[in-house]
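# Architecture and fold: a report
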Amino acid sequence: MRNRQSSRYSMSPPVEIQPNIGLDSDVRHSVVDMLNHTLANEVVLSVKTRSAKWNICGTRSFDLQILFKAQYQQLNHISDKIAERARMLGGTAIGSLNEFIRLTRLAEQPGIVPDILQLLADHEISIRLLREDVRKCNEDYEDEGTFELLVSVMRLHEKMAWRLRSYIQPETNQRQHKVA
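First things first, this report covers the structure right here in the doc. (Residues numbered from 1 in each chain as written. Predicted model: local features only at pLDDT ≥ 70, side-chain atom pairs only at ≥ 80, totals over all residues. Heavy atoms only, no water.)

### Observations regarding helix H5 (residues 116-140)
- With 25 residues, H5 extends 35 Å between its outermost C-alpha atoms, agreeing within 8% with the 36 Å of an ideal straight helix rising 1.5 Å per residue.
- Inspection of H5 places Ile116, Leu119, Leu120, Asp122, His123, Ser126, Ile127, Leu130, Asp133, Val134 and Cys137 among the buried residues, and these make up the whole buried set.
- The inward-facing, buried residues of H5 contact helix H2 (25-55), helix H3 (61-88) and helix H6 (144-168). (Helix = DSSP H or I, 4+ residues; strand = E, 2+ residues; numbered from the N terminus. Expected span 1.5 Å × (residues − 1). Buried < 20%, exposed > 50% of the residue type's maximum accessible area, 1.4 Å probe, protein only. Contact = heavy atoms within 4.5 Å.)

Have a look at this one:
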């Protein structure tokens, strides 16, 4: 009897329950679109960072492998948070390589292994894009939840960029500190 009831329920068409969280449907769809572009950026930058780790060589390669690994793990965590937010808003988080490449706002350069300067440039592009998306969430969409998420993601990119800059110019920073 129980199996019969279960199959009867599974034959019902699925009912999609949209979030009733104080954001209009149009706003939620616009924010989910923004989040999917941001998700694509995070995934592409994670792959680039992983490629840099895999292909690094030279005297400081061990230190850079540790730095790059920490950063792509952080980028993967950020991607999860962004995808979760898209789902919270009733949307679908993109998940195919084709979608990531199509929606990213970062330049993809097949066949080129990114170096630390290219990764730094991508983080700085991400920061600028996030800053604009943060403004839109706050002023245009009045979505405080996504606003707070994107601010935290922007701060993480600022920290990752700072670490890359610090690694590039360690001697310069030490000299400036001694002079001051």
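### Considering the packing of H3 against H5
- Running from amino to carboxyl end, H3 crosses H5 at an angle of 25°, the nearest separation of the two axes being 13 Å. As the angle between them shows, H3 and H5 are arranged roughly parallel. Note that H3 runs across H5; the crossing there is left-handed. Residue-level contacts link Leu64, Phe68, Gln71 and Leu75 of H3 to Ile116, Leu119 and His123 of H5. (Axes fitted to C-alpha atoms, helices over the stretch in contact; angles between N-to-C directions. Parallel < 35°, antiparallel > 145°, perpendicular 65-115°, else oblique. Left-handed = near helix turned anticlockwise from the far one by under 90°.)

### Here we look at H3
- With 28 residues, H3 should reach 40 Å at 1.5 Å per residue; the first-to-last C-alpha distance of 40 Å fits that figure.
- Turning to H3, its buried residues are Ser61, Leu64, Leu67, Phe68, Gln71, Tyr72, Leu75, Ile78, Ser79, Ile82, Arg85 and Ala86.
- Where H3 is buried, its residues meet H2, H5 and H6.

### Quick word on the packing of H2 against H5
- Relative to each other, H2 and H5 sit at 165°, their axes nearing to 11 Å. Comparing the axis directions of H2 and H5 gives the class roughly antiparallel. Seen along the crossing, H2 lies across H5 with a hand that is left-handed. Across the interface between the two elements, Met34, Thr38, Asn41, Leu45, Lys48, Thr49 and Ala52 of H2 pack against Leu119, Asp122, His123, Ser126, Leu129, Leu130, Asp133, Lys136 and Cys137 of H5.
- A per-class count over the contact of H2 with H5 returns 7 nonpolar, 5 polar and 4 charged. (Nonpolar A, V, L, I, M, F, W, Y, C, P; charged D, E, K, R; others polar.)

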